[in-house]
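Fold and geometry: a report
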Amino acid sequence: MSITYDYIDDYLYRIAAPRDRLLERMEEYADTNNVPIIGPLVGRFLYNLAKTSQSKKILEIGTAIGYSGIWLARAIAPLKGNLTTIDMNPERIKIARKNIADAGVDKSVRIIEGSALEILPTLKDEYDLIFLDSDKDVYPEAFKLSIPKLRKGGLFVADNALWGGEVAKGGKDKDTQSMIKFNKLVFESRALSSVIVPLRDGVLVSVKE
Ligand code: DHB
Ligand code: MG
């Protein structure tokens, strides 16, 4: 289910600036192959958040085909920033690697293959921005493990925070319950200033106090 009005969405997508051929091809690929990418509106939102925060070190949990990673890597390119992105699906990573190379940002992107919950505790760096868009059942644990890796004043951003509206209806399935638990954890955290922007499927944006 959608949390927005179709005619509003149509308008937002219609006025959005055109993407380059690569991003447009990735959008078509995602559409055809049912890969849940963030799309051009959230892509632009992430790009603007990364730019205005002057982020240099970004951590992404959930690479998929590299679409969000390309938006983020491009946003931080002028500051010579770098992106670390984690995914556990080897086929998707192969596609992501090619897309990221085609975008010309492969020098500033490190892809780590494996389970985010296992990899996060091993990361030594502090990040300016962390973007969570993994499988929904790991959101609560990924959140708990991510926040210590975020610098003060840094941004924690999560896709699908409204989960098709199911979180507001109290849906009982596993993913919805996980997203309800996740939002509760985030909003109960006094270390964060948080808001969910109802764009596409809900984008949570938190600043670490
Ligand atoms: C779905 C959507 C997403 O944006 C995502 O990251 C994962 C799953 C979905 O609609 O199933
Ligand atoms: Mg998503």
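Going by the structure above, here's the rest.
These remarks concern the structure in this document. In this text, all values refer to a predicted model and were calculated from it rather than measured experimentally. (Residues numbered from 1 in each chain as written. Chains lettered and ligands numbered in written order. Predicted model: local features only at pLDDT ≥ 70, side-chain atom pairs only at ≥ 80, totals over all residues. Heavy atoms only, no water.)

1. Re the environment of Leu185
Following the sequence through the fold, Leu185 ends up in helix 9 (residues 174–188). Judged by relative accessible area, Leu185 falls into the partly exposed class, the value being 23%. The spacing of Leu185 and Pro140 is 45 residues in sequence and 7.3 Å in space, taken between C-alpha atoms. If we skip the residues at most four places from it in the chain, Leu185 touches Pro140, Phe143 and Lys144. (Helix = DSSP H or I, 4+ residues; strand = E, 2+ residues; numbered from the N terminus. Buried < 20%, exposed > 50% of the residue type's maximum accessible area, 1.4 Å probe, protein only. Contact = heavy atoms within 4.5 Å.)

2. Things to note about helix 7 (residues 139–146)
Here helix 7 has its buried residues at Tyr139, Pro140, Ala142, Phe143 and Ser146. Seen end-on, helix 7 carries its buried residues on one side only, within an arc spanning 165°. Against strand 1 (57–61), helix 6 (116–119), strand 4 (127–132), strand 5 (150–158), helix 9 and strand 6 (192–197) lie the buried residues of helix 7. (Arc of directions from axis to C-beta.)

3. Quick word on the site of ligand 1
Every residue close to ligand 1 is listed here: Pro36, Asp133, Lys136, Asp159, Asn160, Trp163 and Arg200. The side chain of Lys136 places a nitrogen or oxygen atom 3.1 Å from an oxygen atom of ligand 1. Contact between ligand 1 and Arg200: an oxygen atom at 2.9 Å from a side-chain N or O atom of the residue. Contact with the protein chains covers 63% of the free accessible surface of ligand 1, which is 290 Å². Counting atoms within 2 Å of the grid points, the majority share of ligand 1 lands in the largest pocket. Residues of the shell around ligand 1, tallied by class, amount to 2 nonpolar, 1 polar and 4 charged. (Near = heavy atom within 4 Å. Polar contact = N/O pair within 3.5 Å; in protein donor to acceptor, adjacent residues only side chain to side chain. Areas by Shrake-Rupley, 256 points an atom, 1.4 Å probe, with all protein chains shown as cover. 1 Å grid on protein atoms, 1.4 Å probe; cavity = no way out; pocket = protein on both sides within 12 Å on 5 of 7 lines; lining within 4 Å. Sits in = over half its atoms within 2 Å of the grid points. Nonpolar A, V, L, I, M, F, W, Y, C, P; charged D, E, K, R; others polar.)

4. A short note on the packing of aromatic side chains
Overall, the coordinates contain 7 aromatic pairs when judged by the stated rule. Taking the centre distance of 5.9 Å and the plane angle of 90° together, the rings of Phe143 and Phe182 count as edge-to-face. You can see Phe143 sitting in helix 7 and its partner Phe182 sitting in helix 9, a full 39 residues away along the chain. Residues Phe143 and Phe182 agree in their burial class; the two are buried. Three or more aromatic residues joined by ring pairs make a cluster, and in this case those are Tyr139, Phe143, Phe156 and Phe182. (Phe/Tyr/Trp six-rings, centres within 6.5 Å; stacked < 30°, edge-to-face > 60°.)

5. Looking at the coordination of the magnesium ion (ligand 2)
Only Asp133 (OD), Asp159 (OD) and Asn160 (OD1) from the protein reach the magnesium ion (ligand 2) as donors, at distances of 2.0 to 2.2 Å. Counting residues between consecutive donors of the magnesium ion (ligand 2) along the chain gives the motif D-x25-D-N. With Asp133 in the loop between strand 4 and helix 7 and Asn160 in the loop between strand 5 and helix 8 (166–169), the pair connects residues that are 27 residues apart, well separated along the chain. Asn160 matches Asp133 in its accessibility class, with the two residues each being buried. (Donors = N, O, S within 2.8 Å, 3.2 Å for Na, K, Ca; no water.)

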